[in-house]
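The chain contents come next:
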Amino acid sequence: MSIAFASRPSARAGMSEAISRYAFVLLLVPLLVMADDPQPVDVIRAATDRVLTELTAAPEIRSDPVKLSRLIQDHIAPHVDLVALSRLTLGKYWRQASQEQRTVFAREFGTLLIKTYSTALAEYSNQRVEILSSRVSADSRRSTVRTRIVEQGRAPLAIDYS
C-alpha cells in the first residue's frame, strides 16, 4: 500500500495558511486506509463525522490539549499505520535504520502527528470537508479518495489520499 498526498492550495494562500489548512485535513482524514477494509470513503467519512460531531457538541475541547489528544487517539489513530507512514516519510533512510531506530522513530513521529493534529483542531472553525470521489484499483490494493476543505471566503483546498 502506498500513500500520496496531493494538495493544491490556491496561489494566493500564504505558506503558513496552506500548512495550517493541510494539517487540519490530516487530522480529519485517516492517513492510511487499506482498500480491503471497509470502503475507504466510508472510513474517511465516519472518522471525519465523529471528530466534527464531538467538536461541535463540546467546542471547549479545542482549548484542552489532553481532550484534543484523546479525540485524535480515539477516532484517528486507529486508522493510521505509523510504521508504514514512518517508512514513507524516511524513504531510503528507513532501510538504513536499525529496528530499534525504526521503532523509536515511529513512536516519536506518532507523538508529533498528535501534537500537529491537536494544533490544527484547536483552530477549527466550521470548515466543511467534502468528499468528491473514491476509486479502488482493480486488484483492491490501492485506493484514492479525493476531498476538499471548504471555508467561507477562501479558495477550497483539494487533497487526494491514495
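1. Regarding helix H2 (residues 40–57)
Here is step 1: For H2, which comprises 18 residues, the first-to-last C-alpha distance of 26 Å matches the rise-based estimate of 26 Å (1.5 Å per residue) to within 8%.
Here is step 2: For H2, the full list of buried residues reads Pro40, Val41, Val43, Ile44, Ala47, Thr48, Val51, Leu52 and Leu55. When H2 is viewed along its axis, its buried side chains cluster within an angular range of 165° and face the same direction. Turned more than 90 degrees from where H2 packs its buried face, Thr53, Thr56 and Ala57 sit exposed.

2. Side note on the side chain of Thr147
Here is step 1: With respect to the secondary-structure elements, Thr147 resides in strand E3 (residues 143–150).
Here is step 2: Of the residues examined, Thr147 reaches a relative accessible area of 1% and is grouped as buried.

3. Notes on the nonpolar core
Here is step 1: Counting residues in hydrophobic clusters, the biggest one holds 18 residues, and the most contacted among them are Val51, Leu55, Ile61, Leu71, Ile72, Ile76 and Leu121.
Here is step 2: If you tally residues by element for this core, the top one is helix H6 (residues 99–122), at five residues.
Here is step 3: Setting aside residues no more than four positions away along its own chain, Leu71 makes contact with Val51, Glu54, Leu55, Ile61, Ile76 and Leu121.
Here is step 4: Ranked by size, the runner-up nonpolar core spans five residues in total, among them Val129, Ile149, Ile159 and Tyr161.

4. As for helix H4 (residues 82–90)
Here is step 1: Of all the positions in H4, only Ala84, Leu85 and Ser86 are classed as buried.
Here is step 2: Considering only its buried residues, H4 is in contact with helix H5 (92–96) and H6.
Here is step 3: The opening residue of H4, the one whose side-chain oxygen lies 3.2 Å from the backbone nitrogen of Val83, is Asp81.

5. Structural notes on the confidence of the model for the chain
Here is step 1: For the chain, per-residue confidence averages 77 on the pLDDT scale, and 77% of positions sit at 70 or higher.
Here is step 2: Residue range residues 1–16 is modelled with pLDDT below 50. Its contacts to residues more than four positions away, or to other chains, number 36 contacts.
Here is step 3: Within the model, pLDDT remains below 50 along residues 27–36, and this stretch shows 45 contacts once partners closer than five positions in the same chain are excluded.

6. Looking at the environment of Ala77
Here is step 1: Note that Ala77 resides in the loop between helix H3 (65–75) and H4.
Here is step 2: Judged by relative accessible area, Ala77 falls into the partly exposed class, the value being 37%.
Here is step 3: For the pair Ala77 and Ile114, spaced 37 residues apart in sequence, the C-alpha separation works out to 8.5 Å.

7. Observations regarding the packing of H3 against H6
Each packed pair of helices is defined by two parameters, the angle between the axes and the distance between the axes.
Here is step 1: Close contact between H3 and H6 brings their axes to 9 Å; oriented N to C, the two are set at 115°. The angle between H3 and H6 places the two elements in the roughly perpendicular class. Seen along the crossing, H3 lies across H6 with a hand that is right-handed. Residues Leu68, Ser69, Leu71, Ile72 and Gln73 of H3 lie in contact with H6, whose contacting residues are Ile114, Tyr117, Ser118, Leu121 and Ala122.

Conventions used here
Residues numbered from 1 in each chain as written. Predicted model: local features only at pLDDT ≥ 70, side-chain atom pairs only at ≥ 80, totals over all residues. Heavy atoms only, no water. Helix = DSSP H or I, 4+ residues; strand = E, 2+ residues; numbered from the N terminus. Expected span 1.5 Å × (residues − 1). Buried < 20%, exposed > 50% of the residue type's maximum accessible area, 1.4 Å probe, protein only. Arc of directions from axis to C-beta. Core = buried A, V, L, I, M, F, W, Y, C linked by side-chain atoms within 4.5 Å. Contact = heavy atoms within 4.5 Å. Polar contact = N/O pair within 3.5 Å; in protein donor to acceptor, adjacent residues only side chain to side chain. pLDDT = per-residue confidence, 0-100. Axes fitted to C-alpha atoms, helices over the stretch in contact; angles between N-to-C directions. Parallel < 35°, antiparallel > 145°, perpendicular 65-115°, else oblique. Left-handed = near helix turned anticlockwise from the far one by under 90°.

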